[in-house]
Amino acid sequence: MNRRDALKKSALALGAAAGAPTLLSLLQACAKTDRLTWTPVFLSEDQARFISSFVDFLLPKTETPGGLDVKADVFIDLMYAKTYDEAGQKQVVADIEKFNADCKEKYGNVFAELSEEDKTACFKGHEANSPKFPKTVWGGAVGPREPVGFYRGLKSTVLWAYFSSEEIGKNVLSYDPIPGDYLGCIPLSDVGNIWSL
Amino acid sequence: MANFNIDADKNLTYDAIVIGSGISGGWAAKELCEAGLKTLVLERGRIVEHVVDYPTMTLDPWEHELRGGLTPEQKAKHPKGGRSGFIGAMNEHFHANDLENPYTEVKPFMWVRAHQMGGRSLLWGKQTYRWSDLDFEANAKDGHGVDWPIRYKDIEPWYTHVEKFAGISGEALGLPQLPDSHFLPPMELNCVEKHVKARIEKEFNGRNMIIGRVAHLTEPLNGRGKCQFRNRCDRGCPYGAYFSSNAVTLPAANATGNLTIRPFSIVQSVVYDEQKGKASGVRIIDAETGEDIVYKAKIVFVNASTLSTTQILLNSTSNRFPNGLGNDSGELGHNLMDHTYRVGAMGTVEGFEDQYYKGRRPNGIYIPRYVNLKDGPQSDKFVRGFGFQGGGGRSGWGAGGNQEDFGGNFKDGLMKPGPWEFFITGFSECLPYHENQVYLNKDVLDKWGQPTLSIDAEWKANELALNDQARKDAKEMLERAGLKDIMEFDNKHEMGFGIHEMGTARMGRDPKTSVLNGNNQVHGCENVFVTDGACMTSSSCVNPSLTYMALSARAANHAVSELKKMNL
């Protein structure tokens, strides 16, 4: 049994233990308007819906593509599946469940189902309470460090998933795979957006 | 490039054997082959042919399934080297497997190893600086360690020799403590670096800030292309623009027709002939078949990288050398040094918001040592000194993780460059302490049943005092240069993080207190040479690789000359 099947089975077991679906949960199920348009390889449907809604709220479509347009959510699920060890995978599932449980407690529903106002309040609360990443030198952290927590960690992961995508890296940011020369001082207006690499 | 001759087994006898194919071994092989010696290079890992075996050299992030992320299986292979923060999916194949090659940390020590043809020459930082008599005379003057058996004048022609072939870019300054190399044109400083340079040099008499001197071509040389500013060096460079054994020395050695490389060769020991009173060859274990083979040669160069070289010598016991080859002094394994790492300061620079740069420069700035110079201010808190590396640039989307913002405007704002940031980080000299040591551990064996190393070394009061001053000086320089939001830092890394392991088989004038003589020959077994970092008698505060190159070329030419005189 692979990891995802195991999680699904245990989720089913928990559901069974809680008894038949209540009227309220059935109503909530009906209220779910966002159907997943992709099949996660690690996350459950509900967990994947959380990631997709987090990505969409953090990086919505504007004149430039949104996080969902470049499938940042799909990549994050793949990353959980292929780069996290079992302990890390357990932790991320627990973190998603806790995030949603907190949303339910404060706003009455899981994150994906919240109104724009409630999502904004939720993000603002986490921004205010999440420690910051340390500064880095040559890829290594320097100065004071404390764990940034799930919210800021996921935010950073979403940024990576978005900005490392081909659409953003090649077509939105300034893409120059073989610069050929180093010019130390040129007008920003000659370049525009940041270099993608 | 022609394929390398790897068919070693037909012939068990060579003129010379070189153990290891990294920076120093590559140079030894080139010089020996060019002098006409049939040379066998024994490489612990696989063959890595220039360009052909650089599978990730052109990959953009989205062309890799995990965009550079490592799988748990990959991470599990690097519990020690992974602490460096340098191992990612694009270079993981160039880092040794820690599980197959264990070592024991009596005190914490981070050891980065690269077990393939080219070794760490594929991964190094390319900072290349000459040492000076400030360094070669330091031990004699302040009494720490033993005196170097050479001075700057002895090595100067060999610096010239290797620089002209390796290709070093940089700016000549005429500083006595940091002699100029034969330079290709320097890389450019960016606008903020130029600004900070001007301010520091105005505010502080006797301090200089220059572009790093690096083994990257800024003009084509000997068929190698110039740097294209992709900054993907640790994947292997398709242009051969930076110095590596794979792109530079081994092809030159191969072109003579005198080179044989034998991959998958785990060196067990250097074989000592009791009758002849010298080494007769090298015993290896084939990493794939387990076969035990002895290769014979007139001379042996041990260039396995500092600690592995010493491991081989310690494991090379005989009646004459019961405690390891060349260990009459008892100093083999002792006096391990490194450079301190990640101590300094950073801040932001205002006023250049409409300026940017083009190209990913694999280089930064350098501030040469200015403390405890012959004619400068002397510290009463420490001996020796430190230099700084660093650089400036504009922050990118990565800064978004900390911004208390989200949504469409946030996203589009991250597409524009953020503030200019600038940092400097000190590299302090480490004194040679007898008690900082490695020794054989026969309780922990590697995959091939060989004893491994225990490493027992730590920073002491002088290094901590140097670091303290480097941090304070870094902050003061950035303050007086007008930076904002300045943060000082000292990561207090254990030894090994500098990835500049030096010592453990030091050169010296007296066989009673050193392992090697002034020509890098093992005392008492003069047809064995050690020219990698193990030979270093002190550590200076500047990067050591250029000095390994020069010492290797010098020793190889001495070996050829002695062979001709029938002295070996």
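About the criteria used
Throughout, residues of each chain are indexed from 1 in the direction in which the sequence is written. Lettering of chains starts at A and numbering of ligands starts at 1, both following the order in which they are written. A pLDDT threshold of at least 70 governs which residues receive local features in this predicted model, and a stricter bar of 80 or more applies before side-chain atom pairs are shown or counted, although totals over entire chains, interfaces and linings include all residues. The basis for every side-chain value is the complete set of heavy atoms in the structure, and neither hydrogens nor water enter the calculation. Helix and strand labels come from DSSP, where a helix needs a run of H or I of at least four residues and a strand needs a run of E of at least two; each type is numbered from the N terminus. To estimate how far a helix should extend, the number of its residues minus one is multiplied by 1.5 Å. Each residue gets one of three labels from its accessible area relative to the maximum for its type: buried under 20%, exposed over 50%, partly exposed in between, using a 1.4 Å probe on protein chains only. By definition, residues are in contact when any of their heavy atoms lie within 4.5 Å. Note on pairing: two strands pair once DSSP finds at least 2 bridges between them. A patch consists of residues exposed above 30% relative accessible area that lack any salt bridge, with like charges linked at up to 9 Å and nonpolar side chains (Val, Leu, Ile, Met, Phe, Trp, Tyr) linked at up to 5 Å. Residue-level accessible areas treat just the shown protein chains as cover; the underlying method is Shrake-Rupley with a 1.4 Å probe. Salt bridges are counted wherever a side-chain nitrogen of Lys or Arg sits within 4 Å of a carboxyl oxygen of Asp or Glu. Residues scored as positive are Lys and Arg, those scored as negative are Asp and Glu, and His as well as the terminal groups of each chain are ignored. Throughout, a charge is located at the NZ atom of Lys, the CZ atom of Arg, the CG atom of Asp or the CD atom of Glu. Here, a disulfide means two cysteine sulfur atoms that sit within 2.5 Å of each other. UniProt positions are given in the numbering used here, feature names are shortened, and annotations may be inferred rather than shown by experiment. When the centres of two rings from Phe, Tyr and Trp lie within 6.5 Å, Trp using its six-membered ring, the rings pair. Their planes under 30 degrees apart give stacked, over 60 give edge-to-face, and anything left gives tilted. Charges are assigned to positions over rings by a cutoff of 6 Å between ring centre and Lys NZ or Arg CZ, combined with an angular limit of 35 degrees from the ring normal.

1. Focus on helix 10 (residues 461-480) of chain B
All names here are of chain B.
- The first and last C-alpha atoms of helix 10 sit 28 Å apart over 20 residues, in line with the 28 Å expected at 1.5 Å per residue.
- Asn462, Glu463, Leu466, Asn467, Gln469, Ala470, Arg471, Asp473, Ala474, Met477 and Leu478 are the residues of helix 10 that are buried.
- On its buried face, helix 10 is in contact with helix 6 (191-203), strand 12 (343-349), strand 14 (365-367), strand 15 (386-394), strand 16 (420-428) and strand 19 (484-490).
- Just past helix 10, the residue Gly482 takes up positive phi, approximately 90°.

2. Looking at unusual backbone geometry
Residue and element names in this part refer to chain B.
- Positive phi, normally seen in glycine, also occurs at Arg67, with a value near 50°.
- Among the secondary structure elements, Arg67 is positioned in the loop between strand 2 (39-42) and helix 2 (72-76).
- The buried category is assigned to Arg67, whose relative accessible area is 15%.
- Of note, the phi angle at Asn372 is positive, near 55°, even though the residue is not glycine.

3. Details of the pairing of strand 7 (residues 259-262) of chain B
All names here are of chain B.
- Neither face of strand 7 is exposed, since Leu259 and Ile261 on one face and Thr260 and Arg262 on the opposite face are all buried.
- With four bridges joining them, strand 2 and strand 7 adopt parallel strand pairing. Counted as the bridge partner of Leu40 is Thr260 from strand 7.

4. Topic: a negative patch on the surface
All names here are of chain B.
- Together, Glu350, Glu353, Asp354 and Asp485 line one region of the surface with negative charge.
- Inspection of the secondary structure puts Glu350 in the loop between strand 12 and strand 13 (355-358).
- Note on Glu350: relative accessible area 53%, which makes it exposed.

5. Things to note about the state of the cysteines
- According to the stated counting rule, one finds one disulfide over all chains in the structure shown.
- In this model, Cys185 of chain A is linked to Cys191 of chain B through a disulfide, with the two sulfur atoms separated by 2.3 Å. Linking Cys185 of chain A and Cys191 of chain B, the disulfide has an S-S dihedral of approximately 125° and is accordingly described as right-handed. Placement of Cys185 of chain A in strand 3 (residues 183-187) and of Cys191 of chain B in helix 6 is noted, with the two residues assigned to different chains.
- Classification of Cys191 of chain B as buried rests on a relative accessible area of 5%.
- With no disulfide of its own, Cys233 of chain B has Cys227 of chain B as its nearest cysteine by sulfur position, at a separation of 6.4 Å.
- By relative accessible area, which is 12% here, Cys233 of chain B ends up buried.
- Cys430 of chain B takes part in no disulfide bond, and the closest cysteine sulfur to it belongs to Cys541 of chain B, at a distance of 12 Å.

6. Quick notes on the sheet that holds strand 17 (residues 437-445) of chain B
Residue and element names in this part refer to chain B.
- Spatial strand order, 3-18-17: three strands in an open sheet with mixed pairing. Edge positions in the sheet fall to strand 3 (104-105) and strand 17, since each has one partner strand and no second.
- With six bridges connecting them, strand 17 and strand 18 (residues 451-456) associate as antiparallel partners. Looking at the pairing, Leu440 lines up with Leu453 of strand 18.

7. Description of the UniProt feature "domain: Glucose-methanol-choline oxidoreductase C-terminal" (unreviewed entry) in chain B
- The sites that UniProt annotates as "domain: Glucose-methanol-choline oxidoreductase C-terminal" (unreviewed entry) are residues 432-551 of chain B.
- Between the first and last C-alpha atoms of residues 432-551 of chain B the distance is 19 Å; the span itself is 22% helix and 25% strand.

8. Regarding the packing of aromatic side chains
- According to the stated counting rule, one finds 47 aromatic pairs over all chains in the structure shown.
- Ring centres of Tyr162 of chain A and Phe163 of chain A lie 4.9 Å apart, and the angle between their planes is 90°; on these two criteria the pair is classed as edge-to-face.
- Its relative accessible area of 2% is what places Phe163 of chain A among the buried residues.
- Ring geometry for Tyr103 of chain B and Trp111 of chain B: centres 5.2 Å apart, planes at 75°, overall edge-to-face.
- Through a chain of ring-to-ring contacts, the aromatic side chains of Phe50, Phe54, Phe57, Phe99, Phe111, Phe123, Phe150 and Tyr151 of chain A together with Phe406 of chain B assemble into a single cluster.
- Taking the ring centre of Phe165 of chain B as reference, the NZ or CZ of Lys30 of chain B above it sits at 4.3 Å.
- For the cation-ring pair, Lys460 of chain B lies above Tyr433 of chain B, with the distance from its terminal atom to the ring centre recorded as 5.6 Å.

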